[in-house]
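# Structural description and commentary
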Amino acid sequence: MFSLSALKKIRTTVDEIEDDISIVEDDFLQPIQSHSIAIKIRLPSGVKKFKIKQTESFAQVFESIAAMENANENDIFMFYGDKTVHIYDSPHALGLTVADILDCHIGSQCSMSSASVNSAVSAIKDQMLLQIHLQMKDNKNKITLSIRKDEPMEKLMRDFCHVTGKKFGSLKFSFDGETLDLSATPESLDLETDYCIDVL
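For the rest of this paragraph, the subject is the overall build of the protein. Scanning the protein from terminus to terminus reveals 6 helices and 10 strands. Within the protein, buried positions represent 28% of all 200 residues. Considering only intrachain contacts with a sequence separation of at least 6, the fraction spanning at least 24 residues in the protein is 55%. Approximately 13,200 Å² of the protein is accessible, and the part contributed by carbon and sulfur atoms is 51%.

Right under this line is the structure:
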């Protein structure tokens, strides 16, 4: 048991500690998903601001620009420096801040025909999409699967398991003798179309 004087000392100490505690704003504690950012985009009609959540895709922004500029969404090309901004990108994924300005070009205003724009879009998608061969050690047949350069290798591994009926996690995937990490991407591994991955 504590004496009355000991309890008073404890209470005084607790009061002093409580005085030193500062309350942090609730906004600081909210996850990044709920934070919005005002993105500036340089359009043919001038610079416009679009409010978007940090982790939200640019789909609605592309839709809004198409309506504002009386254009088809497929005719819209957006760039952040030398990077192409895709409809599935988010401000967080691109590392955008309020100080950044994106450039937007409309296909018809770049004197491109609709066919040329569709061809350009297909070319961009084709550059992003790789055809990778996977071969099991005990089988000479190769299975060819598609993966985007920015997708995790886990997708390719799961697709292979689905196609072959193998259990995910029971196989080892390697490239140039190195075991592949699930989160690695073809881009981080410098993979190109027609490269072969060994499956054990």
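Attention shifts here to the sheet that holds strand β4 (residues 83-85). The strand order β2-β1-β5-β3-β4 describes an open sheet built from 5 strands, whose pairing is mixed. Every interior strand has two partners, whereas the edge strands, β2 (46-53) and β4, have only one. The average angle at which neighbouring strand axes cross in this sheet is 35°, direction not considered. Note that strand β3 (residues 76-80) and β4 share 3 bridges and pair antiparallel. Looking across to β4, one finds that Y80 is bridged to K83.

This paragraph deals with the pairing of strand β10 (residues 196-199). Burial along β10 is one-sided: the residues I197 and V199 are buried and none of C196 and D198 is. Pairing of strand β6 (residues 129-136) with β10, which is carried by 4 bridges, proceeds in the parallel orientation. Bridge assignment links H133 to a residue of β10, and that residue is C196. By the bridge criterion, 2 bridges tie strand β8 (residues 173-175) to β10 in an arrangement that is antiparallel.

Once that is clear, we can look at the packing of aromatic side chains. Summed over the entire model, instances satisfying the criterion amount to 2 aromatic pairs. Relative to F173, the ring of F160 lies with its centre 5.8 Å away and its plane at 90°, an arrangement referred to as edge-to-face. You can see F160 sitting in helix α6 (residues 153-164) and its partner F173 sitting in strand β8, a full 13 residues away along the chain. The pair formed by F160 and F173 is uniform in burial state, with each residue classed as buried. Ring geometry for F175 against Y195: centres 5.7 Å apart, planes inclined by 25°, an arrangement best described as stacked. Of this pair, F175 sits in strand β8 while Y195 sits in the loop between β9 (178-179) and β10; the two residues are 20 residues apart in sequence, bridging distant segments of the chain.

Now for the side chain of H133. You can see H133 is positioned in strand β6. A distance of 2.7 Å separates a polar atom in the side chain of H133 from a polar atom in the side chain of T144. Not counting residues within four places of it along the chain, the set of residues in contact with H133 comprises K142, I143, T144, D194, Y195, C196 and I197.

Mapping L156 onto the fold places it in helix α6. By relative accessible area, which is 1% here, L156 ends up buried. For L156, the residues in contact, after removing those within four places along its chain, are I132, L134, L145, S146, I147 and I197.

About the criteria used
Residues numbered from 1 in each chain as written. Predicted model: local features only at pLDDT ≥ 70, side-chain atom pairs only at ≥ 80, totals over all residues. Heavy atoms only, no water. Helix = DSSP H or I, 4+ residues; strand = E, 2+ residues; numbered from the N terminus. Buried < 20%, exposed > 50% of the residue type's maximum accessible area, 1.4 Å probe, protein only. Contact = heavy atoms within 4.5 Å. Areas by Shrake-Rupley, 256 points an atom, 1.4 Å probe, with all protein chains shown as cover. Pairing = 2+ DSSP bridges. Axes fitted to C-alpha atoms, helices over the stretch in contact; angles between N-to-C directions. Phe/Tyr/Trp six-rings, centres within 6.5 Å; stacked < 30°, edge-to-face > 60°. Polar contact = N/O pair within 3.5 Å; in protein donor to acceptor, adjacent residues only side chain to side chain.

Read these as layout, nothing more, since geometry by itself doesn't imply function.
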